[in-house]
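Observations on chain architecture
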Amino acid sequence: MTIIELKEYQKKVAKKANLLSGIFLILFFALLISNLVLVKQLEKYCPDYTWISGIYLVSIFIFMFWSLRKVFTKAKQCLPDCPKCHERIKAPAIPIIIATGNCPMCGEKILDKETKE
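Cut-offs applied
Residues numbered from 1 in each chain as written. Predicted model: local features only at pLDDT ≥ 70, side-chain atom pairs only at ≥ 80, totals over all residues. Heavy atoms only, no water. Core = buried A, V, L, I, M, F, W, Y, C linked by side-chain atoms within 4.5 Å. Buried < 20%, exposed > 50% of the residue type's maximum accessible area, 1.4 Å probe, protein only. Helix = DSSP H or I, 4+ residues; strand = E, 2+ residues; numbered from the N terminus. Contact = heavy atoms within 4.5 Å. Salt bridge = Lys/Arg side-chain N within 4 Å of Asp/Glu carboxyl O. Phe/Tyr/Trp six-rings, centres within 6.5 Å; stacked < 30°, edge-to-face > 60°. Patch = residues over 30% accessible without salt bridge, like charges linked within 9 Å, V, L, I, M, F, W, Y side chains within 5 Å. Areas by Shrake-Rupley, 256 points an atom, 1.4 Å probe, with all protein chains shown as cover. pLDDT = per-residue confidence, 0-100. Disulfide = S-S within 2.5 Å. Lys, Arg positive; Asp, Glu negative; His and termini not counted. Charge placed at Lys NZ, Arg CZ, Asp CG, Glu CD.

Another point: the nonpolar core. Nonpolar side chains in soluble globular proteins tend to be buried together. Judged by nonpolar contacts, Ile3, Leu6, Val13, Leu79, Cys82, Ile89, Ile94, Ile97, Cys103, Ile110 and Leu111 together constitute the single largest core of eleven residues. For this core, the secondary-structure elements that each account for two or more residues are helix H1 (3-45) and helix H3 (94-100). Broken down by element, the residue count for this core peaks at three residues, all from H1. Setting aside anything within four residues of it in sequence, one finds leucine 6 in contact with Met1, Ile94, Ile97, Ile98 and Leu111. If you look at the next biggest cluster of nonpolar residues, it comprises six residues, including Phe28, Tyr56, Ile60 and Val71.

The following block contains the structure:
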């Protein structure tokens, strides 16, 4: 693996995380706006609507945590595995790998010597 390949992986992870985060924000705010419409309709037609809005609020939080988890797991799938220990390289470790050329998990050399500056 070269430094250029590692930086390309880093860019791919950032791009995918940004895209998925944008989709998440759009869906989240769409849910919040639909919640306002739902509450207005419930006030009009159902005077005791607190249990329905409670269930809806809990489902929004479940959706929020589920989708955030999906965002980060999808972004992590873009990162390569260490060729020596076969552990997935984590995004915060990429600058360390570029500086040292070693895997932060096993300590083995994973960058090619010719391309390391």
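Structure shown, so let's carry the discussion forward.
With that settled, consider the pattern of salt bridges. Applying the stated criterion across every chain yields a total of one salt bridge. A salt bridge links arginine 88 to aspartate 81; the shortest N-O distance between them is 3.8 Å. On the basis of relative accessibility, which here comes to 37%, the residue aspartate 81 falls in the partly exposed class.

A word on the packing of aromatic side chains. As enumerated under the stated definition, the model contains three aromatic pairs in all. One aromatic cluster in this structure is built from Phe24, Phe28 and Phe29.

Okay, a nonpolar patch on the surface next. On the surface, a cluster of nonpolar side chains totalling about 280 Å² of accessible area is made up of Leu19, Ile23 and Leu27. By the element assignment, leucine 27 lies in helix H1. What makes leucine 27 partly exposed here is its relative accessible area of 43%.

Right, let's get into the confidence of the model for the protein chain. With 92% of its residues at a pLDDT of 70 or more, the protein chain has an overall mean of 79. Across the protein chain, the element-wise mean pLDDT spans from 77 in helix H2 (residues 50-76) up to 84 in H3.

Within the secondary structure, alanine 14 sits in helix H1. Along the chain, alanine 14 and alanine 91 lie 77 residues apart, while their C-alpha atoms are 9.1 Å from each other.

On to the state of the cysteines. Applying the stated rule across the entire model yields zero disulfides. In this structure cysteine 82 is a free cysteine whose sulfur lies 3.6 Å from that of cysteine 103, the closest cysteine sulfur available. Overall, cysteine 82 belongs to the buried group, its relative accessible area being 1%.

Taken together, the side chains of Lys12, Lys16, Arg69, Lys70 and Lys74 define a basic patch exposed on the protein surface. At the level of secondary structure, the elements contributing two or more residues to the positive patch comprise H1 and H2. For the positive patch, the element with the highest residue contribution is H2, accounting for three residues. Within the secondary structure layout, lysine 12 lies in helix H1. Taking relative accessible area as the criterion, lysine 12 reaches 46% and is therefore assigned partly exposed.

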